[in-house]
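The primary structure of each chain is shown beneath.
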Amino acid sequence: MPKSVIPALLACSLFASQPATAQEFESWIESFKEEAVAKGISAETYDREMQSVIPVQRVLELNDSQPEFVKGVWEYLDTAVSDSRISNGLNNAAANSALLDRIEEAYGVDKEIIVAIWGLESSYGAIMGDYDVLSALATLGYEGRRTSFGRSQLIGALKILDREYANRSQLKGSWAGAMGQTQFIPTTYLESAVDYDGDGRRDLWSNLGDVFASTANYLSRSGYVANEPWGFEVTLPEGFDYALADRSNRQMVATWASLGINRADGVPLTDDIDLNATGYLIIPAGAQGPAFLVFNNFRAILRYNNSTSYALGIGLLSDHIAGNAEPIVQSWPRGDRPLSLSERKSLQEALAQRGYNPGPVDGIIGAGTKSALRKWQRDQGLPADGYASSTLLTRLLQS
Ligand SMILES: [Ca+2]
């Protein structure tokens, strides 16, 4: 086989100002072969598939970008659980009800959750990404802040081809290598994708049996249990200690009930639920917004995408698809907004200047910053929710 060659035109357009870099990319593709072969990729597959791989400028740009502004969780949910996504979800669930019933039964994963993930990941198969996955992952693996991710996923993508689970022409996805109707990265695909219809292929692009079964299988492996709630909105009593609303603070339903927490829809917290089930509280927009008590299935959804907004979007959308959605009672603080990256750094600097130790000034609101913020809030007589909003920053800077 010929050595890997970057088509000259594309290489020029990408590295026009850095002619040496195209050569370096090509050399890297050649040198990476040894690692790929050591990890079980046949030399034939590597040579055949990697000769057409090219670096993708847009992938480099997206990999480098750190967004300055963040959406409020309510803005995210406006899109994630929009009227059109709900009605499309109901239509798609109805059109595939027999298949979804079989897969729900086989995997022990509620079909509404599968449909909600399908809806958020690709708008029910409409938007799957059309990057050549090998090129996108080779670009990430070559340089930048995700080389380790890019390289391991590139090996995974090559394994998919080596084992003939899918064709190269099918291997399209997002700029970060997420593929098909429920956006599996290659290693997840290898671990959890299922050939449900038994044709020898794990077709996450066009076979809905494979798509739904793979998603259910992944959730099941992540600890999902059928017929248990993902969570629901709750009301907190006057004077509640918001520091208890923390992912690490998992308590039994009976304990939360004893603290005066109720379901927002008026149903007693202890009705129709295992009192020993453990859950934690989330307040995604701080004390001014709604609170939710979430359970093990919420954590399984987080294994799909480790974002509270995402998991909440899946849970709420699934309730609509199941036909048992309750309106959110407490309103979101739409008049306020989350902090931008530079404002988050200002917050950390201001806390440090005032003797509260938020850790490094990196713009990441982690446990250290939240803890420092809560201490400052307590000293100010404010609810200690650790939520960094625009209003709070203004008040902090004036203190
Ligand atoms: Ca199949």
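Residues numbered from 1 in each chain as written. Predicted model: local features only at pLDDT ≥ 70, side-chain atom pairs only at ≥ 80, totals over all residues.

Engineer: What am I meant to see in the overall build of the protein chain here?
Structural biologist: In terms of regular secondary structure, the protein chain is built from 18 helices and 7 strands. Taken against the 2.2 N^0.38 rule, which gives 21 Å for 399 residues, the C-alpha radius of gyration of the protein chain at 24 Å falls within 12% of a compact globule. Here the protein chain holds 399 residues, and 41% of them are scored as buried. In the protein chain, the share of contacts with a sequence separation of at least 24, taken over all contacts with a separation of at least 6, comes to 69%. (Helix = DSSP H or I, 4+ residues; strand = E, 2+ residues; numbered from the N terminus. Rg over C-alpha atoms; globule rule 2.2 N^0.38 Å. Buried ≥ 20, exposed ≤ 12 C-beta atoms within 10 Å, placed from the backbone. Contact = placed C-beta atoms within 7 Å.)

Engineer: What is the right way to look at helix H10 (residues 147-162) in this model?
Structural biologist: In an α-helix, one turn spans 3.6 residues; hence positions three or four apart end up facing the same way. Between the first and last C-alpha of H10 there are 22 Å, a value that for 16 residues agrees with the 22 Å anticipated at 1.5 Å per step. Every buried residue belonging to H10 is among Gly150, Gln153, Leu154, Ile155, Gly156, Ala157, Leu158, Ile160 and Leu161, and all of these are buried. (Expected span 1.5 Å × (residues − 1).)

Engineer: Just to check I follow, could you spell out the environment of leucine 339 for this structure?
Structural biologist: Tracing the chain through its elements places leucine 339 in the loop between helix H15 (308-322) and helix H16 (341-353). The spatial distance from the C-alpha of leucine 339 to the C-alpha of arginine 146 is 25 Å, given a sequence separation of 193 residues. If sequence neighbours within four positions are ignored, leucine 339 has contacts with Arg344, Leu347, Ala388, Ser389, Ser390 and Leu393.

Engineer: Quick question: what am I supposed to make of unusual backbone geometry here?
Structural biologist: Working note: non-glycine residues mostly have negative phi, and peptide bonds are mostly trans. The backbone of serine 123 shows a phi angle near 50°, a positive value even though the residue is not glycine. Judged by C-beta crowding, with 16 C-beta atoms within 10 Å, serine 123 ranks as partly exposed. One non-glycine residue, glutamate 164, adopts positive backbone phi at about 60°. In this fold, glutamate 164 is placed in the loop between H10 and strand S2 (172-173).

Engineer: Whenever I open this one, the nonpolar core confuses me. Can you help?
Structural biologist: The nonpolar side chains of soluble globular proteins are, as a tendency, buried together. In this structure, Ile114 and Ala157 are the most contacted members of the largest nonpolar core, which totals 105 residues. Filtering out sequence-adjacent residues up to four positions away, alanine 157 remains in contact with Val133, Leu134, Leu137, Leu171, Gly177 and Pro186. (Core = buried A, V, L, I, M, F, W, Y, C linked by C-beta atoms within 7 Å.)

Engineer: I tried to follow the sheet that holds strand S6 (residues 278-282) on my own but got confused; where do I start?
Structural biologist: Adjacent strands of a sheet form backbone hydrogen bonds with each other and so pair up, either parallel or antiparallel. Pairing in this open sheet of 5 strands is antiparallel, and the strands run S4-S6-S7-S3-S5 from one edge to the other. The sheet is open, and its two edges are formed by strand S4 (251-252) and strand S5 (262-263), each paired on a single side. As defined by bridge partners, strand S3 (residues 231-235) adjoins strand S7 (residues 291-294) across 4 bridges and the pair is classed as antiparallel. Across the sheet, the residue bridging to phenylalanine 232 is leucine 293, located in S7. (Pairing = 2+ DSSP bridges.)

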